[in-house]
Structure formats: structure tokens, C-alpha cells
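Descriptive structure summary
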Amino acid sequence: AAGRNGTEINENLWVPEDDPKTRSLVARGLTMGCFYIESPAMRLLQEKSQKGDFEHLVIHSSIIRPAANDVIREYLHRLHGRSWKPLHPLLTDVLSQTYGLMVYQEDVSRVAVCVAGFSHAEADGLRKVMSRKDKTRRLADYYEQFLAGAGKRGVGRADIEKIWAMIMSFNGYSFCKPHSASYARVSYQAAYLKAHFPAEFMAAVIS
């Protein structure tokens, strides 16, 4: 694309995620007008996290969902150094990249497999019910299966309830990681344009 000021951007070679000025803008939540990261909630999360790198924006693009306020608060505490341990040792490896918290749609399936012994097909069925794409089984059926399966693996009832509550924060709304990553990519492209060509960018947004 070529702007009126003569600047050309080669989309094949463009890596806005690595641009320091863009990362700084994203980390400060100064993203009004930028795709998907312009809502007050998202800008506040960015400002509180103080993270402008791609990996964290992918997390933020998925974690910023209805019913996830408690998860977001805990995420920010852990991000800034509060010590934490997984809800159960079985979750140690599964959620290691997201500070022990469920962030992506795939996390629901992976947790169901490792904690409650679901088959991959059953876990995918739970994921579909959570995203309301499958009505053939009720959520209560999966809860009973999760309760029984986790109990057989030695998970205590209190821990089961905490893990299930985290799963419930996805009910009706969740992103898979590739979806979140693709959104974050477009967000960075918009943020780059705002960081380097603010007048042109805001004029385009307004019009």
C-alpha cells in the first residue's frame, strides 16, 4: 500500500510486531481506532499489563471476554510477579504458557483430557457446547462426566469445582489461539500505522 505522503509498505516484509514504537503504543493502551484493541476494557488491560509484545497481545485478545473478569485480575497479578501454582498438579504443563490460567478455547479441551480423562472427541464436544455450536448434549452431562473422571484421577472436589468454574468463564464466548493470533496481527498493523502516521490513520478511521 502507498500513502499520499509517498510511503510504501511491503506487506510481505512488514513486521509491525517487532517495531519498538508500535510496541510502546500497544503497551500503553493508546490504541483508539485500532482493530479489536480499541475498546475501553482492552485499552485498560493493555495499560495495566504494560506489555506490548505479540505473545501477550494474543493472550489479551482471547482473555478479554464476558465472565472472565476474575481471570483477568488474577492474570495481571501473576503477570506482575505474584507467585502462583496451578489449580492442580495435572495442569502444570497444560497451562504453563498462560500463567496457569485457561485463556484459549483449546485449553478447555486440553484440561478435560488431562484432568478428567476425556477422549479427544469428548473434549472437542465439550468445546463445541461451550461455544454453543452443538446442542446435542447438555452442559450438565459434561459436568457429571468431568466430575466423575477427575475424581477417578484423584482430584479433590474443591479443585474440581475451581477448574470447572474457570471452564465456565468460556460459556458462549471463546477464541481459539490461531483466531486470537490472527486478530493480534491485524491489531499490530493498525497500531503501527497509528504510531508512525497518526494524522493519516485517524483521518481514515474518522471517515
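Residues numbered from 1 in each chain as written. Predicted model: local features only at pLDDT ≥ 70, side-chain atom pairs only at ≥ 80, totals over all residues. Heavy atoms only, no water.

1. Some points on the packing of helix α7 (residues 139-152) against helix α8 (residues 157-168)
Two elements in contact, α7 and α8, have axes separated by 10 Å at closest approach and are oriented at 140 degrees. Remark: the crossing between α7 and α8 carries right-handed chirality. Contacts from Leu139, Tyr142, Tyr143, Phe146, Leu147, Ala150 and Gly151 in α7 reach Arg157, Ile160, Glu161, Ile163, Trp164, Ile167 and Met168 in α8. Residue composition of the contact of α7 with α8, grouped by class: eleven nonpolar, one polar and two charged. (Axes fitted to C-alpha atoms, helices over the stretch in contact; angles between N-to-C directions. Helix = DSSP H or I, 4+ residues; strand = E, 2+ residues; numbered from the N terminus. Left-handed = near helix turned anticlockwise from the far one by under 90°. Contact = heavy atoms within 4.5 Å. Nonpolar A, V, L, I, M, F, W, Y, C, P; charged D, E, K, R; others polar.)

2. Section: the pattern of salt bridges
Scanning all chains against the criterion turns up nine salt bridges. Across the pair Asp141 and Arg138 runs a salt bridge whose closest N-O atoms are separated by 3.4 Å. Salt bridges sharing common partners tie together Glu74, Arg78 and Arg82. (Salt bridge = Lys/Arg side-chain N within 4 Å of Asp/Glu carboxyl O.)

3. Brief notes about the environment of Pro86
With respect to the helices, strands and loops of the structure, Pro86 is situated in the loop between α4 (69-79) and α5 (105-116). Distance from Pro86 to Ser96, taken between C-alpha atoms, is 8.6 Å for residues ten residues apart in sequence. Those residues in contact with Pro86, other than ones at most four positions away along the chain, are Leu91 and Thr92.

4. Remarks on α8
With twelve residues, α8 extends 16 Å between its outermost C-alpha atoms, agreeing within 8% with the 16 Å of an ideal straight helix rising 1.5 Å per residue. Taken together, the buried positions of α8 are occupied by Ile160, Ile163, Trp164, Met166 and Ile167. Angular distribution of buried residues about the axis of α8 spans 155 degrees; they occupy a single face of the element. Contacts made by the buried residues of α8 are with α4, α5, α6 (120-130) and α7. (Expected span 1.5 Å × (residues − 1). Buried < 20%, exposed > 50% of the residue type's maximum accessible area, 1.4 Å probe, protein only. Arc of directions from axis to C-beta.)

5. Some details on the nonpolar core
Judged by nonpolar contacts, the single largest core of 54 residues is most densely connected at Val111, Val115, Phe146 and Ile167. Counting residues per element, this core draws most heavily on α5, at six residues. Sequence-distant contacts of Phe146, that is, excluding residues within four places in its chain, are made with Val111, Ala112, Val115, Ala116, Phe118, Ile160, Ile163, Trp164 and Ile167. (Core = buried A, V, L, I, M, F, W, Y, C linked by side-chain atoms within 4.5 Å.)

6. Side note on unusual backbone geometry
Positive phi values are uncommon outside glycine, yet Gln50 reaches one of about 60 degrees. Along the chain, Gln50 turns up in the loop between α2 (40-49) and α3 (54-63). A positive phi angle, near 60 degrees, is found at Tyr99, a position not held by glycine.

7. Focus: the confidence of the model for the protein
Looking at the protein as a whole, the pLDDT averages 91, with 94% of positions reaching at least 70. Within the protein, no element has a lower average pLDDT than α6, which sits at 90, and none a higher one than helix α1 (residues 20-27), at 98. (pLDDT = per-residue confidence, 0-100.)

8. Details of the side chain of His60
Among the structural elements, His60 can be located in helix α3. Beyond its immediate chain neighbours, meaning those up to four positions away, His60 contacts Met42, Leu45, Gln46, Ser49, Lys51 and Tyr75.

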